[in-house]
Amino acid sequence: MTRLVLRRLAWSVPMLLVITLLSFVLVSLIPGDTARAILGPSAAPEQIDAVRAQLGLDQPLLQQYLSWLGRAIRGDLGSSLLTGVDVSQLVNARLAPTLSLITLATLSAGVIGVTLGVQSAVRGGRLGRLVDLASMSGLAVPGFALALLLVAVFAVRWPLFPATGYVDFASSPGQWLHALVLPVAAACPGAATAVAKQARDATLDVLDREFVRVMQANGVPRRTIIYRHVLRNAAGPVVSLLGVVSASLLGAAVLIENVFALPGLGSAAAVAASQHDLPVLQGAVVYFTLIVIVIGLLVDLVQAWLDPKVRLR
Amino acid sequence: MTRAPRQLARTSLTVLATLWLGVLAVAVLAPGLLTGRDPLEQDLTASLQTATGEHLLGTDRLGRDLLSRLVHGTGTVLWGVAVAVVVAVVLGTVLGLIAGYFGGLLDAAVMRLSDLLFAVPGIILLLVVASTFPNDVTIAMTAFGVIMASGLIRVVRGATRSLRAEQFIAAAKVAGLSDAQILWRHALPRLLGLVIVQASLIAAVTVVTQAGLAFLGFGPPPPAPTWGGLMDEGRAVMAQSAWPLLPPGAAVALTVLAFLLIGDAVRDRTTGAWSTSKLARPNRRRSRIASGEADVSASPAVLKVRGLSAAIPDRVTFAPRTVVTDASFEIDPGEIVGLVGESGSGKTVTALSVLGLTPGGGTVTGGSCMFEGLDLVRATARQWRDVRGRGIGYVAQDSALSLDPSLRVGAQLAAAVRRHTGVNRRVARSRAAELLAAVELTDPAVARRYPHQLSGGMAQRAAIAYALAGSPRLLIADEPTTALDMTVQASILALLRRLSRDRSMAVLLVTHDLGVVAQLCDRVVVMYAGQVVERCTTDELFTGPRHPYSAALLAADPSRARFGQPLPVIAGTAPVPGAWPRGCRMADRCSLVTDQCRAAEVPLLEYAHGSVARCIRVAERQDAVPVS
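Please read all numbers here as calculations on a predicted model, not as lab measurements.

What to know about the overall build of chain B
In terms of helices and strands, chain B carries 20 helices and 12 strands. When burial is assessed residue by residue, chain B has 52% of its 628 residues classed as buried. Sequence separation of 24 or more characterises 68% of the internal contacts of chain B that already satisfy a separation of 6 or more. For chain B, the accessible surface area stands at approximately 28,100 Å², while carbon and sulfur atoms represent 59% of it.

Right, here's the structure in full:
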């Protein structure tokens, strides 16, 4: 158990290194020059060289990466090339909306998806087909398209919810939730239907196992079998998928934050990417990777709690 | 519940999906066929129209024709999908095959790579790529394909590993094929369906992702039309009109659906899936079964099966197919009866049908099962509650899979005791320990273990203890020792004999092993091709079997083989359900066959008191068989 956690943590270090290096190299490939982007097209070559030297851009790539890494380990992610704002501060400030969005969306997707999936597996027939169909259409409508539709209907046509903006949980939990209803509603269906399908398949799979027949034959009531035994055994793949889903919600968050003008990590990354603001983008990459690693760790812990075979290894 | 309309609906959906992709192909290859308008032609006098005769899908803010812009944006979408799918499929299949086939270090390396790809925050990396190579769909989608390969690697690896365990790969190796040849000729074709399903999923995700990128402004530069770009333009005018959002949104949704439907169709073809619910509520149709012959005799039998027939739906057509016909036998209290036959003879179906749990979604179609005066075939859910566990216990073949793997053995036993007797937790715990002691698991640590921590023999003892929790009068044991090695097998058989004697509990033992029958059973029921062909005492079976099949089975029993002599085998194969001949079902494999055997169904003929055989030549054989 402890070994499991330690192994995953140990593995996350090289993962962070490779991913940051990868994005570093990619960004350095950007045609055009950051210094020129800062100074504008009319800048003199000497000015540009001076800025390049100041930013360390005249050094070899690996050296640039290592010095970035050295500072990053100490918690210094540099500052934005365009606004000069400290990246750690900027990214930290933007963490809450993104985490709020993906946490709420994952939770609702989990509850809705598991309920639908298990019911359809146990009842079969029409509900099963409905879940199959819903899981397809849920995946078919991209989150940001749904977001636009929701804004058009519930913010513009009937102004029930704010079209844009975010309120801190600390300042007003009610308004925080109110502002997140539409973004979560936009992010949720795709995730919920993916969970429903997985929950259905996992449940059907467990229902087919020998121990279910043995329990049935030895008089364990149907309800007990389903809710005490089948659910627990079907939970493993569903939890794994919830991990995947919440990681993929990070991607959806980029677009959904953009639509709802939520000041989150995703929209920060999108803006930084369009402005070639390397330090900010790099900071966002680090945070996103960290979030994915933490999600993976949580999934492992829940898995171990559910499955003695994992726990006792 | 008829299956045909549903299948038809699915087929027509698949056809529609294919048609839609065909339309998209036309939009790319010959856009002129779909629209005559220029996607860039502005007409400010006709801005923000909804559908009109002039502009079938309306216009945008600059009065440009939305249909034309949609049609001309299709090329980018399909190109992006093609790039991402090809990259993901090639990378995923090759790496997955290598990892799954060769294993070892290569496998570890590939799996680490797959982990890494999975952890990459996909869209962020995509943003980095997109801002590095602005407006380059090919590069962005190549990167996306690499990221998406992660899932495919896992799927292909898993499938290859299970393929590798199959016989034919080993056979190919022995035949001298190289690894590359085996992978190319044998593994890849088997994996094709799987890969196509995954590819269609990747295609669907790519459509959404690509639209998202263009929506954020990372697609081809304006004024070139893209689906995501159209949505972004629609958003800009949303306050005035929501219409321009609809055509591109619908196009994305339809395309994604089309890919998913086609993937689903391929999956159904390759796996034959539409799984049916296994825990479905008791079938109401059962009550319509005609009552079997009236049975008022006051025989002491604990279980009396009369004319039991069962049918299981065919895997492909779903039409019910009879697999057991007219099975009759009875078991007295404390008696151990063997239900014998080769696999496919219907012995397991019969045993489970007694419990109302006909496997494979099947049902009992006729006959009766009298258990202590109650006809189980017509039992209600409430009556079953008193029978299963309390009247009849059940032990399955694979002991390792017989208990819930996520709960401790002791806790499961205690729960069973509580359910059957209603005692409190503390009493239930000590009863559970007693049960474990009764199956000779005296180490108190066993109760705290999980099923996977028990050896095969211990697990089977625990499973027997579980079946005993409700003190049943009848135990149905389905091949309880088949999965165990010889010495353990003997001790489990001894345990069953002792339990049966001590508790005067009847046992119905399903087995294909005549050695087990010899050691344990008082009487034997032999099944062949869904019928009972002989019913006799164990002594009668071993000294003078009357039915040719029983005799052949006995001759083919390896435990009775003579050293230095070839083991006699039964020539030919048993007919499968649905292909049963009209007369004797063994006619094609029997050396004593006459024309009369094939003429009509053979009844069970009594040849000694209480012993019957389904053979018209019993009378002759009675003299023919030497009594040793």
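Overview of the sheet that holds strand β2 (residues 320-331) of chain B
Across a sheet, strands are paired by hydrogen bonds formed along the backbone, either parallel or antiparallel in direction. Ordered in space as β2-β1-β4-β5 (chain B), the four strands form an open sheet in which the pairing is antiparallel. Bordering the open sheet on either side are β2 and β5 (374-375) of chain B, each of which pairs with just one other strand.

Some points on the sheet that holds strand β12 (residues 611-613) of chain B
Residues and elements named next belong to chain B. What the eight strands build is an open sheet, ordered β6-β7-β8-β3-β9-β10-β12-β11; its pairing is mixed. Lying at the two open borders of the sheet, with one neighbouring strand each, are β6 (392-395) and β11 (605-608). Each strand of the sheet is rotated relative to its neighbour by a mean of 25°, with strand direction disregarded. Where strand β7 (residues 474-478) lies against strand β8 (residues 506-511), five bridges are found, and the strand directions are parallel. Residue pairing across strands places Leu475 opposite Val507, the latter belonging to β8.

Considerations on the nonpolar core
Ranked by internal contacts, the top residues of the largest apolar core, which has 253 residues, are Leu127(B) and Leu303(B). In terms of residue count, helix α10 (residues 222-260) of chain A provides more of this core than any other element does, 17 residues in total. Leave out the neighbours within four places in its chain, and Leu127(B) touches Val254(A), Ala269(A), Ala270(A), Ala273(A), Leu213(B), Leu216(B) and Phe218(B).

Overview of a nonpolar patch on the surface
Residue and element names in this part refer to chain A. Among the surface-exposed residues, Leu21, Val25, Leu61, Leu62 and Leu66 lie close enough to one another that they form a single nonpolar patch of about 390 Å² accessible area. Looking at the nonpolar patch, the elements that each hand over two or more residues are α1 (2-28) and α4 (61-73). Among the elements that take part in the nonpolar patch, α4 stands out by supplying three residues, more than any other. Looking at the element boundaries, Leu21 is found in helix α1.

As for the pattern of salt bridges
Residues and elements named next belong to chain B. The full count for this structure, using the stated rule, is 17 salt bridges over all chains. The partner of Glu372 in a salt bridge is Arg473, and the shortest N-O contact between them spans 2.7 Å. One end of the pair, Glu372, is in the loop between β4 (363-371) and β5; the other, Arg473, is in the loop between α14 (456-468) and β7, and 101 residues separate them in sequence. Classification of Glu372 by relative accessible area gives partly exposed; the value is 44%. Here the residues in one salt-bridge network are Glu440, Arg461, Arg498 and Asp502, joined through shared partners.

So, the interface of chain B and chain A
Each partner contributes residues to the interface: chain B has 71 residues there, and chain A has 73 residues. At the boundary of chain B with chain A, total buried surface from both sides reaches about 6,500 Å², with 74% on carbon and sulfur atoms. Linking chain B with chain A are zero salt bridges. At the boundary of chain B and chain A, one finds seven residue pairs in polar contact (both at pLDDT 80 or more). Of all elements in the fold, only α3 (104-119), α4 (122-132), α7 (179-215), α8 (227-236), α9 (246-271), β6, α12 (409-421) and α14 of chain B reach the threshold of two or more residues within the side of chain B that touches chain A. Tallied by class, residues from the side of chain B that touches chain A come to 44 nonpolar, 15 polar and 12 charged.

What about the environment of Thr380(B)?
Along the polypeptide, Thr380(B) turns up in the loop between β5 and α11 (381-387). Separated by 33 residues in sequence, Thr380(B) and Lys347(B) place their C-alpha atoms 24 Å apart.

Focus on the packing of aromatic side chains
Aromatic rings considered in pairs are described by the distance between their centres and by the relative angle of their planes. All chains considered together, the criterion is met by five aromatic pairs over all chains. Above the plane of the ring of Trp305(A) lies Arg232(A), whose end atom (NZ or CZ) is 5.9 Å from the centre. Positioned above the aromatic ring of Trp384(B) is the side chain of Arg388(B), whose terminal nitrogen or guanidinium carbon lies 4.3 Å from the ring centre.

Examining unusual backbone geometry
All names here are of chain B. Of note in this structure, Glu440 is not a glycine but carries a positive phi near 65°. Mapped onto the elements of the fold, Glu440 is located in the loop between α13 (425-438) and α14. For Glu440, a relative accessible area of 40% puts it in the partly exposed group.

Re the packing of helix α2 (residues 66-102) of chain B against helix α5 (residues 137-164) of chain B
For any two helices packed against each other, the geometry comes down to the angle between their axes and how far apart the axes lie. Residues and elements named next belong to chain B. α5 packs onto α2 with a crossing angle of 35° between their chain directions and a minimal axis gap of 5 Å. The handedness of the crossing between α2 and α5 comes out as right-handed. Considering only residue class, the contact of α2 with α5 consists of 20 nonpolar, 10 polar and three charged.

Let's talk about helix α7 (residues 143-157) of chain A
Over its 15 residues, α7(A) extends 20 Å from the first C-alpha to the last, a length consistent with the 21 Å expected when each residue adds 1.5 Å. If you look at α7(A), its biggest bend is around 30°, right at Val151(A). Those residues of α7(A) not exposed but buried are Phe144(A), Ala145(A), Leu146(A), Ala147(A), Leu148(A), Leu150(A), Val151(A), Ala152(A) and Ala155(A). Among the structural elements, α8 (173-207) and α10 of chain A together with α7 and α8 of chain B are those in contact with the buried residues of α7(A).

Quick look at the environment of Gly96(B)
All names here are of chain B. Looking at the secondary structure, you find Gly96 in helix α2. Separated by 11 residues in the primary sequence, Gly96 and Asp107 have C-alpha atoms spaced 8.5 Å apart. When residues no more than four places from it in sequence are discounted, the contact partners of Gly96 are Ile153, Val156, Arg157 and Thr160.

With respect to the pairing of β4(B)
Residue and element names in this part refer to chain B. Within β4, seven of the nine residues are buried, leaving the element largely enclosed by the surrounding structure. Alignment of strand β1 (residues 303-313) against β4, held across seven bridges, turns out to be antiparallel. Pairing of Val305 across the sheet is with Cys369, part of β4. Sheet analysis places β4 next to β5, joined by two bridges and oriented antiparallel. For Phe371, the partnering residue across the bridge sits in β5 and is Leu374.

Reading the values: the criteria
Throughout this description, residue numbers start from 1 for each chain and increase along the sequence as written. Lettering of chains starts at A and numbering of ligands starts at 1, both following the order in which they are written. Where totals are concerned, whole chains, interfaces and linings use all residues; where local detail is concerned, this predicted model gives features only for residues with pLDDT of at least 70, and gives and counts side-chain atom pairs only at 80 or more. Just so you know, side-chain values use all the structure's heavy atoms and leave hydrogens and water out. By definition, any uninterrupted DSSP run of H or I lasting at least four residues is a helix, any uninterrupted run of E lasting at least two residues is a strand, and each is numbered from the N terminus. Partly exposed residues are those whose accessible area sits between 20% and 50% of the maximum for their type, while under 20% is buried and over 50% is exposed, using a 1.4 Å probe and protein chains only. Residues count as neighbours in contact if any of their non-hydrogen atoms are within 4.5 Å of one another. For accessible areas, the Shrake-Rupley method is used with a probe of radius 1.4 Å. Any residue's cover is judged against the shown protein chains and nothing else. Following DSSP output, two strands are said to pair if at least two bridges run between them. Lines are fitted to the C-alpha atoms to define the axes, a helix being fitted only along its stretch in contact, and any angle between axes, read from their N-to-C directions, falls within 0 to 180 degrees. Nonpolar cores were defined as sets of buried Ala, Val, Leu, Ile, Met, Phe, Trp, Tyr and Cys residues, with membership established by side-chain atoms within 4.5 Å. A patch consists of residues exposed above 30% relative accessible area that lack any salt bridge, with like charges linked at up to 9 Å and nonpolar side chains (Val, Leu, Ile, Met, Phe, Trp, Tyr) linked at up to 5 Å. Criterion for a salt bridge: a side-chain nitrogen of Lys or Arg within 4 Å of a carboxyl oxygen of Asp or Glu. The term buried area denotes the loss of accessible surface (1.4 Å probe radius) that occurs when two parts are joined, taken as the sum for both partners. Definition of a polar contact: a pair of N or O atoms within 3.5 Å, with one able to donate and the other able to accept a hydrogen when the atoms are protein atoms, and with sequence-neighbouring residues admitted only if both atoms are side-chain atoms. Each residue is assigned to one of three groups, with Ala, Val, Leu, Ile, Met, Phe, Trp, Tyr, Cys and Pro labelled nonpolar, Asp, Glu, Lys and Arg labelled charged, and all others, Gly among them, labelled polar. Whether two aromatic rings pair depends on their centres lying within 6.5 Å, for rings of Phe, Tyr and Trp, where Trp uses its six-membered ring; planes under 30 degrees apart make the pair stacked, over 60 edge-to-face, and the rest tilted. To sit over a ring, a charge needs its Lys NZ or Arg CZ within 6 Å of the ring centre and within 35 degrees of the ring normal. For any helix crossing, the convention is left-handed if the near helix is rotated counterclockwise from the far helix by under a right angle, and right-handed if that rotation is clockwise. Given the number of residues in a helix, its expected span is that number minus one, multiplied by 1.5 Å. Here the bend at a residue means the angle between the axes of two seven-residue stretches, the one that ends at it and the one that starts at it.

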